[in-house]
Amino acid sequence: MREAIRLATLASAEGEVPVGAVVVREGAIVGRGFNRPIGTHDPTAHAEIQALRAAGEALGNYRLPGCDLYVTLEPCAMCAGAIQHARIRRVVFGAADPKTGACGSVINLFGVRQLSPHTMAVGGVLADDCAAPLKRFFADRRAQRRG
């Protein structure tokens, strides 16, 4: 998770929402990503998608069984769908997302039995460390709008 937090700072430095993600297989990072939708003009360029793409490239497969994904913010529905399609075993996220979280905050797509395979989700890991850059980012945005 610490590497995902480091990647979130890269997103922030580029003016993106500070979210970072890593895909881990057998204890080694095989994919890294951070939010890039603003800079790339790509609504799918979330940290999780970037990390899944990098892992798929590194492993030579679009399916990533036996891999875990660590992400600083609870995945949205788009990312949760991609995570399931990639056959990610487990998602570990830091901060919950009460507006768009698809791992239990708004909806739990991983708990829908008709959608298989099933990914396990664990939330709240280093939650304060993951939430702090997000809170700063949005506070700065609000201050810019006022000033």
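Everything below is about the structure shown above.
Rules behind the numbers
- Residues numbered from 1 in each chain as written.
- Predicted model: local features only at pLDDT ≥ 70, side-chain atom pairs only at ≥ 80, totals over all residues.
- Heavy atoms only, no water.
- Patch = residues over 30% accessible without salt bridge, like charges linked within 9 Å, V, L, I, M, F, W, Y side chains within 5 Å.
- Areas by Shrake-Rupley, 256 points an atom, 1.4 Å probe, with all protein chains shown as cover.
- Salt bridge = Lys/Arg side-chain N within 4 Å of Asp/Glu carboxyl O.
- Lys, Arg positive; Asp, Glu negative; His and termini not counted.
- Charge placed at Lys NZ, Arg CZ, Asp CG, Glu CD.
- Helix = DSSP H or I, 4+ residues; strand = E, 2+ residues; numbered from the N terminus.
- Buried < 20%, exposed > 50% of the residue type's maximum accessible area, 1.4 Å probe, protein only.
- 1 Å grid on protein atoms, 1.4 Å probe; cavity = no way out; pocket = protein on both sides within 12 Å on 5 of 7 lines; lining within 4 Å.
- Points joined across faces, edges and corners; volume = space filled by probe spheres on them.
- Axes fitted to C-alpha atoms, helices over the stretch in contact; angles between N-to-C directions.
- Parallel < 35°, antiparallel > 145°, perpendicular 65-115°, else oblique.
- Left-handed = near helix turned anticlockwise from the far one by under 90°.
- Contact = heavy atoms within 4.5 Å.
- Nonpolar A, V, L, I, M, F, W, Y, C, P; charged D, E, K, R; others polar.
- Pairing = 2+ DSSP bridges.
- Core = buried A, V, L, I, M, F, W, Y, C linked by side-chain atoms within 4.5 Å.
- Polar contact = N/O pair within 3.5 Å; in protein donor to acceptor, adjacent residues only side chain to side chain.

A grouping of Lys-99, Arg-142, Arg-145 and Arg-146 is seen on the molecular surface, where their side chains present a positively charged patch. Looking at where Lys-99 falls in the secondary structure, it is placed in the loop between strand 4 (90–95) and strand 5 (120–122). Using a relative accessible area of 73% as the deciding quantity, one classes Lys-99 as exposed.

Our next topic: the layout of surface pockets. Approximately 630 Å³ is the volume attributed to the largest pocket. Around the largest pocket, the lining is made up of 24 residues, and of these Val-17, Leu-73, Asp-97, Thr-100 and Phe-138 lie nearest the centre. Taken together, the elements giving at least two residues each to the lining of the largest pocket come down to helix 2 (37–40), helix 3 (47–59) and helix 5 (127–146). With 4 residues, helix 5 is the single largest residue contributor to the lining of the largest pocket.

Axis separation between helix 3 and helix 4 (residues 77–85) bottoms out at 9 Å; the angle between their running directions is 20°. Put simply, helix 3 runs roughly parallel to helix 4. Here the hand of the crossing between helix 3 and helix 4 comes out left-handed. Contact with helix 3, carried on its side by Glu-48, Ile-49 and Leu-52, involves Met-78, Cys-79, Ala-82 and Ile-83 of helix 4 and no other residues of that element. Taken together, the residues of the contact of helix 3 with helix 4 sort by class into 6 nonpolar, no polar and 1 charged.

The next point concerns the sheet that holds strand 3 (residues 67–73). Strand order across the open sheet formed by 5 strands is 2-1-3-4-5, with mixed pairing between neighbours. Both outer strands of the open sheet, strand 2 (28–34) and strand 5, are each paired with one neighbouring strand and no more. Sheet twist, expressed as the average angle between the axes of neighbouring strands with direction ignored, equals 20°. Judged from the 5 bridges that link them, strand 1 (residues 20–25) and strand 3 form a sheet pairing that is antiparallel. Within strand 3, the position partnered with Arg-25 by the bridge is Cys-67. Of the strands in this sheet, strand 3 and strand 4 are in contact with helix 5, which crosses strand 4 at around 60°.

Formed by 37 residues in total, the largest nonpolar core has its most connected members in Val-23, Leu-52, Leu-69, Ile-88 and Val-91. If you list the elements that add at least two residues to this core, you get helix 1 (2–13), strand 1, strand 2, helix 3, strand 3, helix 4, strand 4 and helix 5. When residues of this core are assigned to their parent elements, the largest contribution, 5 residues, is made by strand 3. Those residues in contact with Val-91 that lie beyond four places of it in its chain are Leu-69, Val-71, Pro-75, Ile-83, Phe-110, Thr-119, Met-120, Ala-121 and Val-122.

So, on to the side chain of Asp-97. Its location among the elements puts Asp-97 in the loop between strand 4 and strand 5. Notably, Asp-97 is buried but unbridged: the nearest opposite-charge side chain belongs to Lys-99, and the N-O separation is 7.3 Å. Among the polar contacts listed, one links the side chain of Asp-97 to the side chain of Thr-100, at a separation of 2.7 Å. Sequence-distant contacts of Asp-97, that is, excluding residues within four places in its chain, are made with Leu-73, Glu-74, Ser-105 and Val-106.

Turning our attention to unusual backbone geometry. Notably, Glu-26 is not glycine yet its phi reads approximately 50°, a positive angle. Mapped onto the fold, Glu-26 is located in the loop between strand 1 and strand 2. Relative accessible area serves as the criterion here: at 76%, Glu-26 is assigned to the exposed category. Phi at Leu-126 is positive, roughly 50°, even though this residue is not glycine. Mapped onto the elements of the fold, Leu-126 is located in the loop between strand 5 and helix 5.

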